[in-house]
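Chain by chain, the residues:
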Amino acid sequence: MRSAMTGPGSAVGSGFRWVGRNWLAVLGVSALVVLPCLWHRHIEAGDLGSHVYNAWLAQLIGKGLAPGLYLASQWNNILFDVALLRVGNLLGFVAAERIVVAACALIFFWGVFALVGVVTGRVPWLLAPCMGMLAYGYSFNMGFMNYFTSIGLGCFCLALAWPSGEAARGGAWAAAAAFAGLAWLAHPIGFLWAVATIVYVAIRRMLPGWWQLVMPAVAAASLVVGRWYLHRRSDLTVDWHSGLPFWQSNGADQLMVYGDRYARLAWILLALGAICFVVEVVARRRDAEWWNKVALPAELYLVAMIAVAALPENLRVSLYAAWVGLLVSRLTTISAILGLCVLGCVNLRKWGFVGFAGLAALYFLYLYQDTGTLNRLEDNTERLVALLPVGTRIIPTIGVDPDWRAEFVGHVADRACAGRCFVYSNYEPSSRQFRVRVAAGGSWIVTGSADNAEDMQGGGYDIQAGDLPVKQLYQCSRVDWTKLCLRDLAEGESTGKFGFRPGG
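What you see is a predicted model; the values in this text were computed from it and never measured.

## What to know about a nonpolar patch on the surface
Here's step 1: A cluster of nonpolar residues, Val195, Val199, Ile203 and Met206, forms a patch on the protein surface that exposes about 350 Å² of accessible area.
Here's step 2: Here valine 199 is to be found in helix H11 (residues 188–206).

Right, here's the structure in full:
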């Protein structure tokens with residue numbers, strides 16, 4: 001791939017020349033990548049609805065129409081939100097959502113494609129079905145758009161800075177630094193992963209022979225010490241359980257999104273990848289050059305797996321801080337990317353590609369069906385919200401199907417409210433992790449407590465006099481969990497008193 005995608009000279013220039021030579025294939029694959037952003041009336045991606053709603057609040061803040069809210073100055077976890085607001089100001093949020101989300105999906109897909117290609121030395125067209133599934137995996141369907149974009153940008157950074165041949169010289173470092181900066185603006189994890197990997201690989205290259213094994217040993221020991229330290233800090237609240245056993249958090253879990261059938265598909269995909277790898281190992285067992293090529297990506301994949309085992313799923317640094325949540329569930333995106341780097345070293349047979357393509361077709365069929373159900377839920381939400389007077393406050397208590405792992409479906413109410421009503425239980429301002437924040441004096445628009453926001457939507461909050469007037473949006477049918485109702489809440493009532501949770 002060095003000769004196919006980079007060749008002599010600047011890595012950046014060579015990359016553009018490769019795209020120029022393959023523009024038709026790039027265009028066709030890109031069209032397929034953005035298709036899930038277009039196939040329904042709404043893009044269903046969990047927390048995405050909250051991003052759209054808070055972009056609208058940012059508009060109101062700019063016009064002085066959101067008393068008690070302000071825009072904080074911060075330099076990470078903002079790239080997606082800023083892009084959404086800027087495009088929304090020009091074209092409206094309906095168009096902006098599709099444009100910006102599609103751009104993020106393309107950044108992620110082609111970032112992974114570039115990284116796998118540079119690491120393996122070959123154009124990874126045959127792994128494109130796997131990359132497409134990963135692009136619309138758990139992280140996307142949960143709506144972690146800043147994190148998702150950060151990982152894609154981190155992949156571009158690593159592809160440019162990968163220390164082999166011309167790709168790590170000259171202007172490539174400047175371009176890599178630019179991608180790293182953008183990754184930081186999106187989310188710290190993509191930036192930290194890229195920088196840590198560059199440092200790791202650079203030090204490893206300086207070590208001779210078996211001394212290179214010091215690097216994974218030091219990385220593993222550091223992660224174990226970090227886990228021990230977190231266990232001993234009594235002032236921290238730490239949750240170590242991701243909902244999946246360690247041995248399932250191997251990267252394939254990114255496909256486990258909306259039910260048990262996704263888990264079965266993920267295991268079949270993992271088994272097929274393992275078979276392809278074992279066949280290659282048998283065929284190349286005496287090929288020292290191949291073993292040298294596969295050693296580094298396999299080592300990085302192993303370190304990523306150790307990190308998944310050592311790090312907590314949720315972390316809270318103080319009683320009044322918001323949770324840093326679903327950390328391990330997010331990080332397996334990186335495990336999956338490194339797993340693709342390992343699989344990219346395999347000379348994939350036709351039957352392997354056919355298998356991956358068939359599984360991808362089945363995965364996207366499942367995704368189309370389940371996101372179609374979420375579109376019905378959102379259509380019902382919009383019909384109810386359209387009847388409300390402008391400025392009404394609501395608390396949505398919309399539960400997820402218990403078999404679904406992607407759980408943030410309640411944010412369909414956030415998107416429906418943009419331009420009309422206020423989601424009083426909106427978690428972003430009180431979490432203080434995003435640009436839109438609630439001032440110390442509070443706001444009529446949103447609760448000032450991250451704990452209260454979580455309890456309100458979870459059904460465990462008792463309404464106080466200061467919360468009124470407020471309405472509850474809830475599921476009111478045991479048979480069809482997409483059917484919703486609205487009611488006025490009274491002082492002392494619990495947000496879990498009314499409604500039927502799916503599977504309840």
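Having seen it, we continue.
## Some thoughts on the pattern of salt bridges
Here's step 1: The tally for this structure, following the rule as stated, stands at 13 salt bridges.
Here's step 2: Among the salt bridges present, the one from aspartate 253 reaches arginine 405, with a minimum N-O distance of 3.5 Å. Placement of the pair is aspartate 253 in the loop between strand S2 (237–239) and helix H13 (260–283) and arginine 405 in the loop between strand S4 (393–397) and helix H17 (412–417), with a sequence separation of 152 residues. Arginine 405 carries the same exposure label as aspartate 253, and that label is buried.
Here's step 3: The salt bridge partner of aspartate 488 is lysine 471, with a shortest N-O separation of 2.6 Å. One end of the pair, aspartate 488, is in strand S8 (residues 484–488); the other, lysine 471, is in strand S7 (residues 471–475), with 17 residues separating them in the sequence.

## What to know about helix H4 (residues 48–62)
Here's step 1: In this model, H4 (15 residues) spans 21 Å end to end at C-alpha, consistent with the 21 Å of a helix rising 1.5 Å per residue.
Here's step 2: One or two residues past the end of H4 sits glycine 64, with phi positive at roughly 75°.

## Regarding the state of the cysteines
Disulfide: a covalent bond formed between the sulfur atoms of two cysteine residues.
Here's step 1: Inspection of the entire model under this criterion finds two disulfides.
Here's step 2: What pairs with cysteine 417 in a disulfide is cysteine 421, and their sulfur atoms sit 1.7 Å apart. One quick way to see it: the torsion about the S-S bond of cysteine 417 and cysteine 421 is about -100°, and its sign makes the bridge left-handed. Summarising the burial analysis for this pair, cysteine 417 and cysteine 421 share the class buried.
Here's step 3: Residue cysteine 476 pairs covalently with cysteine 485 via a disulfide, S to S 2.1 Å. As the torsion about the S-S bond is roughly 70°, the cysteine 476-cysteine 485 disulfide counts as right-handed.
Here's step 4: Cysteine 485 sits in the partly exposed class, given a relative accessible area of 23%.
Here's step 5: The disulfide pattern of the protein is 1-2, 3-4 when the bonded cysteines are numbered in sequence order.
Here's step 6: With no disulfide of its own, cysteine 155 has cysteine 341 as its nearest cysteine by sulfur position, at a separation of 7.6 Å.
Here's step 7: You can see cysteine 276 has no disulfide; the closest cysteine sulfur is in cysteine 130, sitting 8.8 Å from it.

## Observations regarding the nonpolar core
Here's step 1: Counting 134 residues, the largest nonpolar core has Leu57, Leu69, Trp193, Ile337, Phe356 and Tyr363 as the members making the most contacts within it.
Here's step 2: Take this core: its biggest share by element is 17 residues, from helix H6 (residues 93–120).
Here's step 3: Those residues in contact with leucine 57 that sit more than four places away from it in its chain are Leu69, Phe422, Asn426, Val436 and Ile445.
Here's step 4: Core analysis: the next-biggest nonpolar cluster, separate from the first, contains seven residues, Ile395, Met456, Tyr461 and Ile463 among them.

## Considering the environment of arginine 98
Here's step 1: Here arginine 98 lies in helix H6.
Here's step 2: Residues arginine 98 and isoleucine 43, spaced 55 residues apart in sequence, show a C-alpha to C-alpha distance of 7.4 Å.
Here's step 3: In contact with arginine 98, other than residues within four places in its own chain, are Cys37, Leu38, His40, Arg41, His42 and Ile43.
Here's step 4: A polar side-chain atom of arginine 98 sits 2.8 Å from the main-chain carbonyl oxygen of histidine 40.

## Quick word on unusual backbone geometry
Here's step 1: In this chain, leucine 468 is followed by proline 469 through a cis amide linkage whose omega measures 0°.
Here's step 2: Along the chain, proline 469 falls in the loop between helix H19 (450–458) and S7.
Here's step 3: Its identity as a non-glycine residue notwithstanding, leucine 326 has a phi of 55°, on the positive side.
Here's step 4: Structurally, the position occupied by leucine 326 is in the loop between strand S3 (314–316) and helix H15 (327–343).

## Some points on empty space enclosed by the protein
Here's step 1: With the rule as written, the count across this model stands at five cavities of 30 Å³ or more.
Here's step 2: Forming the boundary of the largest cavity are 13 residues, of which Glu44, Ala45, Gly46, Phe408 and Val409 lie nearest the centre.
Here's step 3: Of the residues contributing to the lining of the largest cavity, the split by class is seven nonpolar, four polar and two charged.

## Re the packing of aromatic side chains
Here's step 1: Counted by the stated rule, this structure contains 29 aromatic pairs.
Here's step 2: Centroid distance phenylalanine 144 to phenylalanine 408: 6.2 Å. Interplanar angle 80°. Geometry classified as edge-to-face. Of this pair, phenylalanine 144 sits in the loop between helix H8 (138–141) and helix H9 (145–161) while phenylalanine 408 sits in the loop between S4 and H17; the two residues are 264 residues apart in sequence, bridging distant segments of the chain.
Here's step 3: Residue classification places phenylalanine 144 among the buried positions, given a relative accessible area of 6%.
Here's step 4: With 5.5 Å between their ring centres and 85° between their planes, tyrosine 363 and phenylalanine 364 make a pair best called edge-to-face.
Here's step 5: Residue tyrosine 363 is classed as buried on the basis of its relative accessible area, which comes to 0%.
Here's step 6: Residue classification places phenylalanine 364 among the buried positions, given a relative accessible area of 19%.
Here's step 7: In this arrangement the basic side chain of arginine 330 is found over the ring face of phenylalanine 144, its NZ or CZ atom lying 3.9 Å from the centre.

Definitions and limits used
Residues numbered from 1 in each chain as written. Predicted model: local features only at pLDDT ≥ 70, side-chain atom pairs only at ≥ 80, totals over all residues. Heavy atoms only, no water. Patch = residues over 30% accessible without salt bridge, like charges linked within 9 Å, V, L, I, M, F, W, Y side chains within 5 Å. Areas by Shrake-Rupley, 256 points an atom, 1.4 Å probe, with all protein chains shown as cover. Salt bridge = Lys/Arg side-chain N within 4 Å of Asp/Glu carboxyl O. Helix = DSSP H or I, 4+ residues; strand = E, 2+ residues; numbered from the N terminus. Buried < 20%, exposed > 50% of the residue type's maximum accessible area, 1.4 Å probe, protein only. Expected span 1.5 Å × (residues − 1). Disulfide = S-S within 2.5 Å. Core = buried A, V, L, I, M, F, W, Y, C linked by side-chain atoms within 4.5 Å. Contact = heavy atoms within 4.5 Å. Polar contact = N/O pair within 3.5 Å; in protein donor to acceptor, adjacent residues only side chain to side chain. 1 Å grid on protein atoms, 1.4 Å probe; cavity = no way out; pocket = protein on both sides within 12 Å on 5 of 7 lines; lining within 4 Å. Points joined across faces, edges and corners; volume = space filled by probe spheres on them. Nonpolar A, V, L, I, M, F, W, Y, C, P; charged D, E, K, R; others polar. Phe/Tyr/Trp six-rings, centres within 6.5 Å; stacked < 30°, edge-to-face > 60°. Lys NZ or Arg CZ within 6 Å of the ring centre and 35° of its normal.

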